[in-house]
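Summary of the model geometry
Residues per chain, in single letters:
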Amino acid sequence: MRVENCFFCGRPAWPSKGITFNRNDGKSFRFCRSKCHKNFKMKRNPRKLKWTKAYRKNAGKEMVVDSTLQFAARRNVPVRYDRELFAKTVKAIERISEIRARRERIFYKKRMAGKRAREVAAARKLVAENEHLLPRLRGSEKRRLAELAAERGVDVEELEREELAAKTSSKKSKAFGGEVRRLRVRTDGGVEEITETLGGHAIGSDMDDDDDDDEDDMDMD
């Protein structure tokens, strides 16, 4: 059983799955799904689409030069059947897959090395460029925090960060569970209590202030 690769994205196209397109000149193209077939008919370049193997190899995100990749090369050479050779080949395939998986993990670790440092450097650069947009403390608040830090023996910068964090957290609204209760006076003189949630739904309950009048009416009846 031969498993061919998709002509567009490079994924394996299993037998009886996918689409095969035969051109007029006799060349056949194998596609793993209709998505690849449609992009091929639209004459899109697979090197410019991020979900294809060609893009990942061109961007240096996958191994390109490795000895384990040569075993997957297609060879149209007929070999006489030998049971011992077949058993050795099956064992070699398992071993090769283990070696390739280990080398891919090492390649990924090397590629992602220093990513955290680059992200921190980019964040610091962004903060330095847009420092005027950050919230600041007033002079009186800074003096108050300096006095408080001198009394407690704590660093002033830590108190300033805590103060700014408290201010920003107080301005944020809760995502779930927030309810606001309001009283609304109706035209007939009654009072209606409305519970509003963040989703915009209102739950109303009637509360009449003239309960005594209603009781008097019932007594008169």
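This one's a predicted model, so the numbers in the text were calculated from it and none came from an experiment. Note on numbering: residues in each chain are counted from 1, in written sequence order. Totals for whole chains, interfaces and linings use every residue, but because this is a predicted model, local features are given only for residues with pLDDT of at least 70 and side-chain atom pairs only at 80 or more, for both listing and counting. Side-chain descriptors were evaluated using all non-hydrogen atoms of the structure, hydrogens and water having been removed beforehand.

Section: the pattern of salt bridges
Note the following rule: Counted as salt bridges are all cases of a side-chain nitrogen of Lys or Arg within 4 Å of a carboxyl oxygen of Asp or Glu. Numbering of helices and strands runs from the N terminus, with a helix taken as a DSSP run of H or I at least four residues long and a strand as a DSSP run of E at least two residues long. Residue burial is assigned from relative accessible area. The probe radius is 1.4 Å, only protein chains are included, and a residue is buried under 20% of its type maximum, exposed over 50%, and partly exposed in between.
Considering all chains together, one arrives at seven salt bridges under this definition. A salt bridge links glutamate 62 to arginine 56; the shortest N-O distance between them is 3.1 Å. The shortest N-O distance in the salt bridge between glutamate 119 and arginine 116 comes to 3.9 Å. Taken together, the residues glutamate 119 and arginine 116, both in helix H4 (residues 115–129) and three residues apart, mark about one turn of the helix. A relative accessible area of 40% means that glutamate 119 is categorised as partly exposed. Salt bridges sharing partners connect three or more residues here, namely Lys53, Arg56 and Glu62.

Brief notes about the packing of aromatic side chains
Stated formally: A pair of Phe, Tyr and Trp rings is counted when the ring centres sit within 6.5 Å of each other, with Trp represented by its six-membered ring. The angle between the planes then sorts it: under 30 degrees is stacked, over 60 is edge-to-face, the rest tilted. Definition used: whenever NZ (Lys) or CZ (Arg) falls within 6 Å of the ring centre and also within 35 degrees of the ring normal, the charge is taken to sit over that ring.
Under the counting rule described, the total for this entry stands at nine aromatic pairs. Centre to centre, the rings of phenylalanine 8 and tryptophan 51 are 5.8 Å apart; their planes meet at 35°, and the pair counts as tilted. Here tryptophan 51 lies in the loop between helix H1 (34–41) and helix H2 (53–58) and phenylalanine 8 lies in the loop between strand S1 (4–5) and strand S2 (12–13), a separation of 43 residues in the sequence. Classification of tryptophan 51 as partly exposed rests on a relative accessible area of 31%. Positioned above the aromatic ring of tryptophan 51 is the side chain of lysine 35, whose terminal nitrogen or guanidinium carbon lies 4.0 Å from the ring centre.

What to know about helix H5 (residues 139–152)
We apply this condition: Given a helix with a known number of residues, its expected span is that number minus one, times 1.5 Å. For this quantity, the arc is that covered by the directions from the helix axis to the C-beta atoms.
The first and last C-alpha atoms of H5 sit 20 Å apart over 14 residues, in line with the 20 Å expected at 1.5 Å per residue. Residues Glu141, Leu145 and Ala149 constitute the buried set of H5. The buried residues of H5 occupy an angular sector of 75° when the element is viewed end-on, so they sit on one face. Residues of H5 that are exposed and point more than 90 degrees away from the buried face comprise Arg143, Glu147, Ala150 and Glu151. Directly after H5, the chain includes glycine 153, whose backbone phi takes a positive value near 75°.

Brief notes about the layout of surface pockets
Convention followed: The definitions used throughout rest on a 1 Å grid laid over the protein atoms alone, on which a cavity is an enclosed set of points accommodating a 1.4 Å probe that cannot get out and a pocket is an open set flanked by protein within 12 Å on both sides along at least five of seven lines; lining residues are those having an atom within 4 Å of a point. Grid points are joined across faces, edges and corners, and a volume is the space filled by probe spheres set on the points. Side-chain classes follow a simple rule in which Ala, Val, Leu, Ile, Met, Phe, Trp, Tyr, Cys and Pro form the nonpolar group, Asp, Glu, Lys and Arg form the charged group, and the remainder, Gly included, forms the polar group.
Counted as a void, the second largest pocket has a volume near 290 Å³. Along the wall of the second largest pocket there are ten residues; nearest its centre are Leu134, Pro135, Arg136, Glu160 and Leu164. Take the lining of the second largest pocket: its biggest share by element is four residues, from helix H6 (residues 156–171). Along the lines of polarity and charge, the residues of the lining of the second largest pocket split into four nonpolar, no polar and six charged.

Considering the pairing of strand S3 (residues 19–22)
In plain terms, the rule: Note on pairing: DSSP must find at least two bridges between two strands before they are called paired.
As paired elements, S3 and strand S4 (residues 28–31) share four bridges and run antiparallel to each other. Within S4, the residue paired with isoleucine 19 across the bridge is phenylalanine 31. With antiparallel pairing between neighbouring strands as the criterion, S3 and S4 make up a hairpin whose turn holds five residues, including glycine 26 at a positive phi of roughly 95°.

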